[in-house]
Amino acid sequence: MIEGYRSGLEEKVAAQLEALEVPAHYEQYKLNYEVPARVATYTPDFVLPNGIIIETKGRFVTEDRKKHKLIKQCHPNLDIRFVFSNPNTKIGKKSKTTYAMWCDQLGFHFAKLFIPHEWVNEPPCPKRIAANKAVLHPKK
């Protein structure tokens, strides 16, 4: 292949354009485009009557963290809170960041081992209830 073409067909078309004296340059430009997102589902562990969504985690792996960042971006009005076995666990062997620090950085409430009574007794919030009704659908 000549001049950096990646296929014989590209080479032939370039030769044709040259023979026709058509000015054309191979792979001179680029453009950005968005790849359509994959629609995924999330099933909360518990939804309290006051609208608070509880997610319990022993291990909080990279995929879980990515998922919850995306959920927060897509549905910023949901009130998802975590209950960890140990919020002081590091997110990775070489990381200084703990589960608790990750939650603090992203604005998630968290607790250790049990749902705090304050969360259970928190009054229903119309905005939170409306956000849940808009996106939470019963499992079939």
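This structure is a prediction, so every number in the text was calculated from the model and none was measured.

Asks: A description of the layout of surface pockets should follow, citing residues and the corresponding values.
Replies: Each pocket or cavity is described by its volume, and for the largest pocket that value is around 890 Å³. Lining the largest pocket are 24 residues, and of these Ala 40, Thr 41, Tyr 42, Ile 71 and His 75 sit closest to its centre. Among the elements that make up the lining of the largest pocket, the one with the highest residue count is helix α2 (residues 62-74) (7 residues). Looking at the lining of the largest pocket, its residues break down into 14 nonpolar, 4 polar and 6 charged.

Asks: Please set out the nonpolar core residue by residue, giving values where relevant.
Replies: Counting 13 residues, the largest nonpolar core has Ile 80 and Phe 82 as the members making the most contacts within it. Contributing elements (two or more residues each) for this core: β3 (80-84) and α3 (99-106). Apart from the residues within four sequence positions on either side, Ile 80 is in contact with Tyr 42, Ile 53, Glu 55, His 68, Ile 71, Phe 108 and His 109. Counting residues in hydrophobic clusters, the runner-up holds 6 residues, among them Leu 48, Ile 52, Ile 54 and Trp 119.

Rules used throughout
Residues numbered from 1 in each chain as written. Predicted model: local features only at pLDDT ≥ 70, side-chain atom pairs only at ≥ 80, totals over all residues. Heavy atoms only, no water. 1 Å grid on protein atoms, 1.4 Å probe; cavity = no way out; pocket = protein on both sides within 12 Å on 5 of 7 lines; lining within 4 Å. Points joined across faces, edges and corners; volume = space filled by probe spheres on them. Helix = DSSP H or I, 4+ residues; strand = E, 2+ residues; numbered from the N terminus. Nonpolar A, V, L, I, M, F, W, Y, C, P; charged D, E, K, R; others polar. Core = buried A, V, L, I, M, F, W, Y, C linked by side-chain atoms within 4.5 Å. Buried < 20%, exposed > 50% of the residue type's maximum accessible area, 1.4 Å probe, protein only. Contact = heavy atoms within 4.5 Å.

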